[in-house]
Amino acid sequence: MLKNYLKTAIRNLWKNKGFSALNILGLSIGLATCLLITFYVIDELSFDRFNKKAERIYRVDADIQFGGNHFILAVAPEPLGPTLKREFPQVEQAARMRPYGSMLVRKGNVNLNEDKVVYADSTLFDVFTLPMIEGDPQTALKDPNSVVITETIAKKYFDRATNVVGKTLIKNDSINLKVTGVLKDIPKQSHFNFDFFIAMNGAIESWEIGNWLSNNHSTYIVLKPDANIKFITEQINVMLEKYVAPQAMQLMQVNMEDFKKSGNHDNLSLTPLTDIHLQSNKTAELGANSSIQYVYIFSAIAIFILLIACVNFMNLSTARSSNRAKEVGVRKVLGSLKNNLISQFLTESTFLCFVSMIIGLLIAWALLPYFNQVSGKHIEMALLSRPWIVLGLIALVIVVGLLAGSYPAFVLSSFQPIVVLKGKLAAGFKNKWLRGGLVVFQFFISIVLIIGTIIIYTQLNYIRNKDLGFNREQVLVIKGTSALGNQARAFKDDVLKINGVQSGTMTGFLPTSGWRTDNPLFPDASLNQKTAVSAQNWRVDEDYIPTLGMKMSKGRNFSKEFQTDSTAVILNESAAKLFGFTDPINKSVYTLTNFPAPGSKQFHVVGVVKDFNFNSLREQVSPLVLFLSQENGSMAFRLNTANITGIISKIESDWTRMAPSQPFSYSFMDDDFNNIYNSEQRIGKIFVSFAILAIFIACLGLFGLVTYAAEQRRREIGIRKVLGASVGNIIGMLSKDFLWLVLISAIIAFPIAWWSMNKWLQDFAYRIHISWWIFVFAAILAMLIACITVGFQAFKAAISNPVKSLRTE
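Chemist: Would you take a moment to explain a nonpolar patch on the surface for this structure?
Modeler: Taken together, the side chains of W772, W773, V776, F777 and I780 present a nonpolar region at the surface, about 560 Å² in accessible area. Within the element layout of this structure, V776 appears in helix α23 (residues 772–798).

And the structure:
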């Protein structure tokens, strides 16, 4: 019997090839899209869950309000980890990491630049599950200058992953690092991704040891299974005050009671390891995290697109089934039972769903490389092997198949043969409300996605073109110039002689180079903490401001002509405002010196630079103080020529001449800036792709329904044409009902789209205002797409010969 049902199903599919193709294609694309988004969500939710103790690992974060600034940090004081392990019985283990930055590692006669380097405690492998290929995890990071490397790095420097323990890597041409272990590569689903783990023992600077006032270490603890998180957090903050208070009084003359009364605070909190990737976007994260918002958004999009596809499938299936009413009548006259007819329709519908699922899997497989490229993921189809995904797909096929087949199965099969054969169909087939509501739902989702896409791209365009307070165009950044040593100044002078190089600056601080440490400054020598201003301290040379195109608000820039500029500073407008100076020029500010011994140093203000953005545009400009220095970490050169390649070649020649064994590394400042917003750019591309797919699926359904409507009204169209109706009249008659549905969809979509995108924009301190034209444009675009979809089939119906539709009347 089942074989007979399948034969009949295949015969019907082939008989109505066009309609079947529309139905299968819509559901297949919907399933493929839903599957890709499901892969994305699974990948996002799986971060750090490879750790065996993941549910008991917490990172200790700092929340500090001081000097007019609020700092939410993913780091904590240096002594915190060992102290927690020592004083809290609920803490099973603790480990710290501190990023090193870039280092040079010698391979043969050349140095290679490595930037995935971190200092780590010897207890790191007791906290995180990082399997070792070679070496003892208990002792690997105990000795100073020992290093554990990943499998990839072992192959890179030793051409093998084993038998490398005991080998030596030369760091920065001066320090021998002994390889004591080789790890399997860190999983992609980790919130940190380092290649070199250097022993923290012996690497901590003397001023930082035991310093409770400096937050620079990512600190992780493993709690025992019965630990009370709330109680431990409270006790950690009690302990923190016990250690911070004496140092704050000794070094900064800060009384903690007065500190709190002034509205300041210094608190610690525990962030679950599995929450870091999606729910933590704090200063000094070990890597770029994502947002739980995007998981929610894409999950909703997956559900909506799947619903659109399923609604389409059911809509088209039920619409088409009305043409089989006479077939049902004939079957019943010939003796078919109602149960046989029900089984036939349900089998056909489920078979169609099954075919759609197979094609959907093939589409997902074909699109996966493109999806990985756009999303920055490394997803594999192996995720399909998860039982719950397989069961979900099977359940989806059965449910959609049964729902889509239920209407024709139970309604058509219940008709009296004599009624059906006379052509008197039930009113349910003439009822437009159900199908109209489904069309409204489809285009409602599509319009929301169109609006979301436009707003995301408008915000990204605003970020790209916003006046940041400095000119990032045609600025070449040379990295790692500290490798030049005492030849750095000569290198800068040689580069400035190259035709096409306008100016240059030597500094360790650039607006696009990431996070730095804030330090307190005071308006008088009393160092009263109530008047302290916490600000970033950058050391720059006298060419910094003109090279980067910054503007002075008051006063002057640093100058070689003023010897007193060695004790001069330039404030940004935010810092000047917090100091409360009416006129900052020639005012004095004081910094703490001889750390950790108490003391201060006086500086005089020579200028105020206009605020420029050096943080993400999600944050307001924070206070900044520039100090005159010849500190050398990188160089930036402003170019004024189109021959970029030629200039870079000449600069590289100068570099090779002065530092033949050091790698030449460079970037452009505008690219560095754009890299900050890589995740948003990826989200924008994904949004566009999903919006296009949603609209395409909705249009497939609309096309099918228009085809069905034209077929149902073909005799009416024939009569109208005989009576003189024009092609335009016929097109308008068939189109207006559907266009009204799209307009209703837009009205429903507007407030929901505004609410959701306004919430997304709240993450940006600098953001666009959602304009009315975005909604109007989205509605017009949806109407235009619907017009093209409906108009094509309506025109085809309008130009048909009325004789063909009326010859049986």
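Chemist: Explain the environment of G287 here, please?
Modeler: Within the fold, G287 resides in the loop between α8 (276–279) and α9 (292–321). For G287, a relative accessible area of 28% corresponds to the partly exposed category. As for G287 and S190, which are separated by 97 residues in sequence, their C-alpha atoms are 9.1 Å apart.

Chemist: Honestly, the nonpolar core in this entry has me stumped. Any pointers?
Modeler: One recurring pattern in soluble globular proteins: nonpolar side chains tend to sit buried together. Residues F39, F298 and W538 are the most contacted members of the largest nonpolar core, which totals 117 residues. Take this core: its biggest share by element is 15 residues, from helix α14 (residues 433–465). Each residue touching F298, except ones within four places of it in the same chain, is listed here: I37, Y40, I683, I686, F687 and F690. Counting 33 residues, the second-largest nonpolar core is a separate cluster that includes W212, F259, F522 and A532.

Chemist: Sorry if this is basic, but what is going on with the sheet that holds strand β22 (residues 634–639) here?
Modeler: Consider a sheet: its strands pair through backbone hydrogen bonds, and that pairing is either parallel or antiparallel. Pairing within the open sheet is antiparallel, and its 4 strands lie in the order β14-β22-β13-β23. Each of the sheet's edge strands pairs with one partner strand only, and the pair in question is β14 (501–507) and β23 (665–668). Across the sheet, the mean angle from the axis of one strand to that of its neighbour is 20°, orientation sign disregarded. In this fold helix α15 (residues 488–496) packs onto β14 and β22, with an angle of close to 165° to the strand it touches most, β14. Packed onto the sheet, helix α18 (residues 644–658) meets β13 (475–479), β14, β22 and β23 and runs at close to 25° relative to β13.

Chemist: What am I meant to see in the pairing of strand β7 (residues 146–150) here?
Modeler: Two faces, one strand: in a regular strand the side chains alternate between the faces of the sheet. Most of β7 sits inside the fold, with 5 of its 5 residues counted as buried. Of the two faces of β7, both are covered, the one formed by S146, V148 and T150 as well as the one formed by V147 and I149. Sheet topology note: the β7/strand β9 (residues 175–183) ladder contains 5 bridges and is parallel. When the bridges of β9 are listed, T150 appears paired with L183. In this sheet, strand β10 (residues 196–199) lies alongside β7 in antiparallel orientation, the contact comprising 3 bridges. Of the residues in β10, the one forming a bridge with V148 is F197.

Chemist: What is the right way to read helix α5 (residues 151–158) from this model?
Modeler: Since the α-helix turns once every 3.6 residues, residues separated by three or four places project in the same direction. Burial in α5 covers these residues: I153, A154, Y157 and F158. Projected onto a plane normal to the axis of α5, the buried residues spread over an arc of 105° and lie on a single side. On its buried face, α5 is in contact with β4 (91–107), β5 (110–120), β7, β8 (168–171), β9 and β10. Just downstream of α5 lies D159, where phi reads positive at about 60°.

Criteria and thresholds
Residues numbered from 1 in each chain as written. Predicted model: local features only at pLDDT ≥ 70, side-chain atom pairs only at ≥ 80, totals over all residues. Heavy atoms only, no water. Patch = residues over 30% accessible without salt bridge, like charges linked within 9 Å, V, L, I, M, F, W, Y side chains within 5 Å. Areas by Shrake-Rupley, 256 points an atom, 1.4 Å probe, with all protein chains shown as cover. Salt bridge = Lys/Arg side-chain N within 4 Å of Asp/Glu carboxyl O. Helix = DSSP H or I, 4+ residues; strand = E, 2+ residues; numbered from the N terminus. Buried < 20%, exposed > 50% of the residue type's maximum accessible area, 1.4 Å probe, protein only. Core = buried A, V, L, I, M, F, W, Y, C linked by side-chain atoms within 4.5 Å. Contact = heavy atoms within 4.5 Å. Pairing = 2+ DSSP bridges. Axes fitted to C-alpha atoms, helices over the stretch in contact; angles between N-to-C directions. Arc of directions from axis to C-beta.

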